[in-house]
2 protein chains.
Amino acid sequence: MNALRIPAPSLRPSVMESFLAEIHQTHRGETGGALADYIPELTRADPACFGIALVTADGQPYAVGDSKIPFTIQSISKALVYGLALEDHGVEGVLAKVGVEPSGDAFNAIVFDERTNRPFNPMVNAGAIATTGLIQGHGAGERTGRIIEMFRRYTGRTLAVDEAVFASETATGHRNRAITWLMHNFGMVDARVDEHLEVYFRQCSLLVTAEDLAMMGATLANGGVNPVTGERALDARYVKFVTAAMASCGMYDFAGEWSFRVGIPAKSGVGGGILAVLPGQLGIGTFSPLLDAQGNSLRGIRCCEEFSRRFDLHIFDPIRPGAMSVARVYRGSQVRSKVMRRERERHLLEAHGGQIVVLELQGELQFSAAEQVLSHASRVVNAAPEACGHLILDLNRVVRISGAARDMLARLQCELAAQGIDLYVSGGGGHAAFMAAGGLPEACFYATLDAALEHCEAAVLARSLQADVESAGALPLTEMELLAGLGKEDLGRVAALLSPHSFAAGASIIRQGDEASSLFFLSRGRVAIRIPGAADTPIRLASVGPGVAFGEMALLDGGRRSADAVAETDCQVLSLEVGDLESLGRERPGIVTVITANIARVMSGRLRSANAELQALAR
Amino acid sequence: MNALRIPAPSLRPSVMESFLAEIHQTHRGETGGALADYIPELTRADPACFGIALVTADGQPYAVGDSKIPFTIQSISKALVYGLALEDHGVEGVLAKVGVEPSGDAFNAIVFDERTNRPFNPMVNAGAIATTGLIQGHGAGERTGRIIEMFRRYTGRTLAVDEAVFASETATGHRNRAITWLMHNFGMVDARVDEHLEVYFRQCSLLVTAEDLAMMGATLANGGVNPVTGERALDARYVKFVTAAMASCGMYDFAGEWSFRVGIPAKSGVGGGILAVLPGQLGIGTFSPLLDAQGNSLRGIRCCEEFSRRFDLHIFDPIRPGAMSVARVYRGSQVRSKVMRRERERHLLEAHGGQIVVLELQGELQFSAAEQVLSHASRVVNAAPEACGHLILDLNRVVRISGAARDMLARLQCELAAQGIDLYVSGGGGHAAFMAAGGLPEACFYATLDAALEHCEAAVLARSLQADVESAGALPLTEMELLAGLGKEDLGRVAALLSPHSFAAGASIIRQGDEASSLFFLSRGRVAIRIPGAADTPIRLASVGPGVAFGEMALLDGGRRSADAVAETDCQVLSLEVGDLESLGRERPGIVTVITANIARVMSGRLRSANAELQALAR
């Protein structure tokens, strides 16, 4: 016995599973409804069976109860096979044979649209058989194989046909046979009437579980890609059409009330399954074979109603979207690139950095989000136009960009350019190619916000009519910030200890871990202070400009270098051995005190900037 | 002439308006269709009229063309009056008289649900008249007044009745009269048949513009509140039902195909208007009186189709949701409260601060977002359970929390508490009361992330079995970080210059702008460094703990104080006049050099922390 041992905490069963268990518990007592009896095989189902599964659009699965018990998919297959028909013939090709209008009639009604002789929609038997009639392939075997292969992409496994149910459907499907011949009479299906019926009966007899249904739903919710396997099950263009057909016609003649009360597009089958899809969010699969008068699973309906109500999932509820797309707005006077500049440049950027405006975007950029960006940009520009010369859209936290949003941002770039305002896009990583294809010029893209800021700062400094320090000659010692306040004589003593070095762009000046025995004054060029990052990509902590020192901590603690220093451009530096300075200090202690105080002052200034930046970033 | 004057840049016409103008331009050439002719008045409309308006759910309006031309609302009124009936009788009360099942029949069909004798849905004439029959009030005048008042809340203005159209409808509405008598026969409307018809004809004859329709749509999209006036037009509970009924039945016998092709819930009227609603995002209003065979505005349909396609607005398109709810995850070892601690405590927090995990949430917290939070929390806890003792959910950037999300977080708190993990919620401001109502204990809430971090840090330090420094006596001089490295004799010389002071909690120690002539060593208690913020709320830059100095910049630049210092608890401090130290320095320069170097070292440490924090915040 080990009384002190604390068991490892765990969130199993997870919070979500505890909710599912409650919903399952609430509805398991519902024993109304009846087993389907139109074919003998279905009456053998266990009426007590009850399973619920949920899979999020990013593939997180949850399940409770009999979620792994197989049953026949029946009419739920209609929705998915409709997607395959769309892939085979396109939207207009399919619409020529099958409408998408809810008819208000029962699933097995023999009614057709008078004007066109089309079956009303793909979710009634007539429309579903016509849809199956559109599935390409030679013979029933190949066509059934394509359907089973499609289901494998949705579920991640190969579904089996329940041969007893198939035989039963085949033996008793006289009404469906009549419907099919009537449709052949109208020219809605071709002469392979028996073959179409065989494929249709087989597709209805496929064995699935509630978990399979939830995964199919999650695949539709995820734009047609199975979120666990990553495999595409349905062309992205057709996902919304499958879901829309489910929404308007999926629940037989209960579809309108379902859409009204539950508001989650769904398809049910007389095998007892319901598949529900909330686009972009999740898929639900339920299984309970007790059906109501319309042929829908009674417990399944109750579960979905409770899901919708309890988790606010009604698709027409205006709760969903709106996540702020503009997380923060700040200006170049508040947040700077990592380029460390001398006081004069810093003051210029304090005064004029406000011309650089950063909109930090987040989340999903679709129409509404992009409209918010345009609106913000318009406000920034119109509020004080002379104060905005550079607009940076930072996409670092944007997860996805829709084509619409891209086009809107591309147009914003044009409008701003016409007004002399530059638009830049930073941190777009994976989105850059997509956005460039929408018309945003190459030159707008920067890999990081830091790089975009650096570019804009350089433009602001150049515009400030100051001589471009970097292109001028090497900086004199009097301009070195760590030597400020030293008298002429002391400066001369220090100068005598300095050794000049030149480094070509890319050369290493200091290596992390080396002994820190000297400090450096940069008189020309740019030096990056960086540490090794993941995947061989170094992280730039700072970039040092002329007049600024680096490696100065050597003077304070003389330990080891904490970062690399690498020449970003061709550079000239002056090095100072700490030992030499200490010797000089013993003779003239004031020199070391002045330099140390300068270090403290520079650190304090940088700390103040960092704190200001932290404050800006905390909104 | 002033050739140098640069015109102020402006984004008028806005980018969005330029898109609208393009869509208008594309479809103005469409001159097919015909004016409604079932009443003579409608044939007088100008077939060239064509207006488009769009209002976002946050009230941003855009319009192009004849967006201010009035026309009669006709059947569009059915959707809004349905909302009023829901307010008067509740969902079940209304469903008892009018179904929500699409019938596939024309708008003026005389067909009823065989099982119930109800009209199929509120968007066909029969259902709409039955719905108007449910509007409460005494006499046609009062009931019409309530309807007009409702439209005022939606549009922000009082709509007028077109008396000529009203007279025309009254004179020729024989079919509607027949339908109403038949419904009275079935018991679906009461005996006030003429009164119901008068109210119905008046509601259909109200004059609106495309801009009015867009504002109604935006109001529905905004959960029933007009986003410009802030007035509630429809009880939030019923918004989704109105939108759902529009989605399944709003476009007459074209509703299924509309939902399929356009996917934006909408209602059209034979006056030439279409009102479309994308929940949570926007409302669209179009006006063009040329109608297609189903009685829908032809150009209106084309516009909405193009809107949907061009801006990816199809509601069943899984592009919408998903904005990451967890913006950043970091640990107390990376990001700290603003409490400045001595080295020993800092080291303890570096070692053990990882027990504090911060999930920074953003955007709209609904089901999917909350599920992501649970999933993240579960991952953090299960990954290395002993390493998470405190979980902070920072809501600073959360714009809205749904009831479902609240309940899910409340349950997370319970589950974590059972495992000995504390859950805190920071920055929830406006959400705190709402979340507390969901069962989250008071003690979980902190106004700011800083305050929550401070609380958790204190718990981590206490757990680290270190004597609680703050409750122990005053700290000796040897523990002051700025005096580290001074020999015994030098320390004695400095001690002789120090004056002890006591301050009660809340007392002011330093004021911003005062002359900086001394620095302070804190030997007991806690001192806040802060600057005045907006609305008299000071911003805490830092909080100083025992062993740490403040006002130390006096030694470096001797300017004025840049911030206030205020005792957060009862404090003991030791002050040191800079002048006295300088005098001492003339005698023993090494002392000042050591103290200055310590300042630089401390600054450097703080800068390193600030940079680490910036890096964590940049994700």
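Residues numbered from 1 in each chain as written. Chains lettered and ligands numbered in written order. Predicted model: local features only at pLDDT ≥ 70, side-chain atom pairs only at ≥ 80, totals over all residues.

Here we look at the overall build of chain A
And then number 1: Looking only at helices and strands, chain A features 20 helices and 21 strands.
And then number 2: The C-alpha atoms of chain A give 35 Å as radius of gyration, which overshoots the globular expectation for 619 residues (25 Å, by more than 25%).
And then number 3: Judged by the C-alpha coordinates and their principal axes, chain A covers about 110 × 75 × 45 Å.
And then number 4: Looking at chain A residue by residue over its 619 residues, the buried ones come to 54%. (Helix = DSSP H or I, 4+ residues; strand = E, 2+ residues; numbered from the N terminus. Rg over C-alpha atoms; globule rule 2.2 N^0.38 Å. Buried ≥ 20, exposed ≤ 12 C-beta atoms within 10 Å, placed from the backbone.)

A short note on the interface of chain A and chain B
Put simply, an interface is often sized by how much accessible area is lost when its parts join up.
And then number 1: Residue-level contacts link 106 residues of chain A with 106 residues of chain B.
And then number 2: Counting residues per element, the side of chain A that touches chain B draws most heavily on helix 20 (residues 589-617) of chain A, at 18 residues.
And then number 3: Class assignment of the residues belonging to the side of chain A that touches chain B gives a composition of 52 nonpolar, 36 polar and 18 charged. (Contact = placed C-beta atoms within 7 Å. Nonpolar A, V, L, I, M, F, W, Y, C, P; charged D, E, K, R; others polar.)

Looking at the packing of helix 2 (residues 76-95) of chain A against helix 3 (residues 125-133) of chain A
All names here are of chain A.
And then number 1: Axis separation between helix 2 and helix 3 bottoms out at 9 Å; the angle between their running directions is 40 degrees. As far as their axial angle goes, helix 3 and helix 2 are oblique. Classified by chirality, the crossing of helix 3 by helix 2 is left-handed. In this structure, helix 2 contributes K78, V81, Y82 and A85 to the contact, and helix 3 contributes A128, T131 and T132.
And then number 2: Taken together, the residues of the contact of helix 2 with helix 3 break down into 4 nonpolar, 2 polar and 1 charged. (Axes fitted to C-alpha atoms, helices over the stretch in contact; angles between N-to-C directions. Parallel < 35°, antiparallel > 145°, perpendicular 65-115°, else oblique. Left-handed = near helix turned anticlockwise from the far one by under 90°.)

Describing helix 14 (residues 403-418) of chain B
Residues and elements named next belong to chain B.
And then number 1: The terminal C-alpha atoms of helix 14, which comprises 16 residues, lie 23 Å apart, in line with the 22 Å expected from a rise of 1.5 Å per residue.
And then number 2: Looking only at helix 14, the buried set comprises A404, A405, R406, M408, L409, R411, L412, Q413, E415 and L416.
And then number 3: A positive backbone phi angle near 80 degrees is found at G420, which sits one or two residues after helix 14. (Expected span 1.5 Å × (residues − 1).)

As for the nonpolar core
And then number 1: Grouped together as the largest cluster of nonpolar side chains are 295 residues, with contacts concentrated most on A:A245 and B:A245.
And then number 2: Here A:A245 is in contact with A:A79, A:Y82, A:V100, A:N121, A:P122, A:M123 and B:F260, once residues within four sequence places are set aside.
And then number 3: Residues A:A516, A:V602, B:L482 and B:A554 belong to the second largest nonpolar core, which totals 87 residues. (Core = buried A, V, L, I, M, F, W, Y, C linked by C-beta atoms within 7 Å.)

Observations concerning the domain arrangement of chain A
And then number 1: Along its sequence, chain A is organised into domain 1 (16-310), domain 2 (328-463) and domain 3 (477-607).
And then number 2: Put simply, the middle of domain 1 of chain A and the middle of domain 2 of chain A, counted by C-alpha atoms, are 47 Å apart. (Domains from an automatic or database assignment.)

Topic: the environment of B:L86
Residue and element names in this part refer to chain B.
And then number 1: Here L86 is to be found in helix 2 (residues 76-95).
And then number 2: Along the primary structure L86 and I135 are separated by 49 residues, whereas in three dimensions their C-alpha atoms are 9.1 Å apart.
And then number 3: With residues up to four places along the chain from it excluded, the contact list for L86 reads V91, V94, Y238 and F241.

Some points on the relation of the copies chain A and chain B
And then number 1: Taken as rigid bodies, chain A and chain B are interconverted by a rotation of 180 degrees and an axial shift of 0.0 Å, the fit giving an RMSD of 0.3 Å. Here the symmetry operator amounts to a two-fold rotation axis. Across chain A, the smallest distance between a C-alpha and the rotation axis is recorded for A:A600, namely 1.9 Å. (Least-squares fit on C-alpha atoms with pLDDT ≥ 70 in both.)

Let's talk about the sheet that holds strand 5 (residues 266-268) of chain A
Residues and elements named next belong to chain A.
And then number 1: Reading across the sheet, the 5 strands line up as 2-1-7-6-5 and stay open at both edges, with antiparallel pairing between neighbours. Strands with a single pairing partner mark the edges of an open sheet, and in this sheet they are strand 2 (61-65) and strand 5. Neighbour-to-neighbour, the strand axes of this sheet turn through a mean angle of 10 degrees, independent of strand direction.
And then number 2: This element, helix 1 (residues 15-28), spans strand 1 (51-56) and strand 2 of the sheet and lies at about 30 degrees to strand 2.
And then number 3: Where helix 8 (residues 210-221) meets the sheet, it contacts strand 1, strand 2, strand 6 (273-278) and strand 7 (282-287), and its direction lies at approximately 160 degrees from that of strand 7. (Pairing = 2+ DSSP bridges.)

Considerations on the pairing of strand 12 (residues 422-426) of chain B
All names here are of chain B.
And then number 1: For strand 12, a buried count of 4 out of 5 residues is recorded, marking the element as mostly surrounded by other parts of the structure.
And then number 2: Across 5 bridges, strand 11 (residues 390-401) lies against strand 12 in parallel orientation. Within the sheet, the bridge partner assigned to L393 lies in strand 12 and is V425.
And then number 3: Traced from strand 11 through helix 14 to strand 12, the parallel crossover comes out right-handed.
And then number 4: Where strand 12 meets strand 13 (residues 445-446), 2 bridges bridge the pair, whose relative direction is parallel. Bridge pairing in strand 13 places S426 opposite Y446. (Right-handed = clockwise from strand over helix to strand, strands pointing away.)

Description of the packing of helix 4 (residues 139-155) of chain B against helix 7 (residues 193-204) of chain B
Residues and elements named next belong to chain B.
And then number 1: Across the interface, helix 4 lies against helix 7 with an axial gap of 9 Å and an inter-helix angle of 35 degrees. Both helix 4 and helix 7 take part in a crossing whose hand is right-handed. The residues of helix 7 that touch helix 4, namely those facing G139, A140, R143, T144 and I147, are E195, E198, V199, R202 and Q203.

Regarding the confidence of the model for chain A
Any residue range with low pLDDT should be treated as having predicted coordinates unsuitable for detailed reading.
Residue and element names in this part refer to chain A.
And then number 1: Per-residue pLDDT for chain A averages 86, and the proportion of residues at 70 or more is 92%.
And then number 2: The low-confidence segment residues 1-11 (pLDDT under 50) makes 12 contacts with residues lying over four places distant or belonging to another chain.
And then number 3: Low pLDDT, under 50, characterises residues 466-470; the predicted model gives this stretch 6 contacts beyond four residues in sequence or across chains.
And then number 4: Taken over the whole predicted complex, pTM reads 0.80, whereas the ipTM for its chain interfaces reads 0.80. (pLDDT = per-residue confidence, 0-100.)

Remarks on the pairing of strand 11 of chain B
And then number 1: Across 9 bridges, strand 10 (residues 356-365) of chain B lies against strand 11 of chain B in parallel orientation. In the strand pairing of strand 11 of chain B, B:L359 is matched with B:L393.

Considering helix 16 (residues 449-463) of chain B
All names here are of chain B.
And then number 1: Taking 1.5 Å as the rise per residue, helix 16 with 15 residues should run 21 Å; its terminal C-alpha atoms sit 21 Å apart, in good agreement.
And then number 2: For helix 16, every residue scored as buried is listed here: L449, A452, L453, C456, E457, V460 and L461. Relative to the axis of helix 16, the buried residues are bounded by an arc of 165 degrees and lie together on one face.
And then number 3: Those residues of helix 16 hidden inside the fold are in contact with strand 9 (339-340), helix 12 (343-352), strand 10, strand 11, strand 12 and strand 13. (Arc of directions from axis to C-beta.)

Looking at the sheet that holds strand 21 (residues 571-577) of chain B
Remark on secondary structure: sheet strands pair via backbone hydrogen bonds, oriented parallel or antiparallel.
All names here are of chain B.
And then number 1: Spatially, the 4 strands line up as an open sheet ordered 14-21-16-19, and their pairing is antiparallel. Of all the strands in the sheet, just strand 14 (499-503) and strand 19 (549-550) have a single pairing partner and so form its edges.
And then number 2: The pairing of strand 14 with strand 21 spans 5 bridges and is classified as antiparallel. Looking at strand 21, one finds that P500 is bridged to L574.
And then number 3: Each of strand 16 (518-524) and strand 21 touches helix 19 (residues 578-587); the most contacted strand, strand 21, lies at about 50 degrees to it.

A few points about unusual backbone geometry
And then number 1: We note that A:D312 has phi near 50 degrees; this positive angle belongs to a residue other than glycine.
And then number 2: Looking at where A:D312 falls in the secondary structure, it is placed in the loop between helix 11 (298-310) and strand 8 (326-331).
And then number 3: Among the residues examined, A:D312 registers 18 C-beta atoms within 10 Å and is labelled partly exposed.
And then number 4: Despite not being glycine, B:Y252 has its phi angle at roughly 55 degrees, a positive value.

Quick word on the environment of A:S575
Residues and elements named next belong to chain A.
And then number 1: Considering the arrangement of structural elements, one finds S575 in strand 21 (residues 571-577).
And then number 2: Residue S575 is classed as partly exposed on the basis of its 17 C-beta neighbours within 10 Å.
And then number 3: Taking the C-alpha atoms as reference points, S575 and N222, 353 residues apart in sequence, are found 58 Å from one another.
And then number 4: Discounting chain neighbours no more than four positions away, the residues touching S575 are L498, S499, H501, S518 and F520.

Some points on the environment of B:G283
Residue and element names in this part refer to chain B.
And then number 1: Residue placement: G283 occurs in strand 7 (residues 282-287).
And then number 2: Assessed through the 27 C-beta atoms surrounding it within 10 Å, G283 is described here as buried.
And then number 3: Separated by 153 residues in sequence, G283 and A436 have C-alpha atoms that sit 34 Å apart.
And then number 4: Setting aside its immediate chain neighbours within four residues, G283 contacts V55, A214, M215, M216, G217, A218, L220, A221 and V277.

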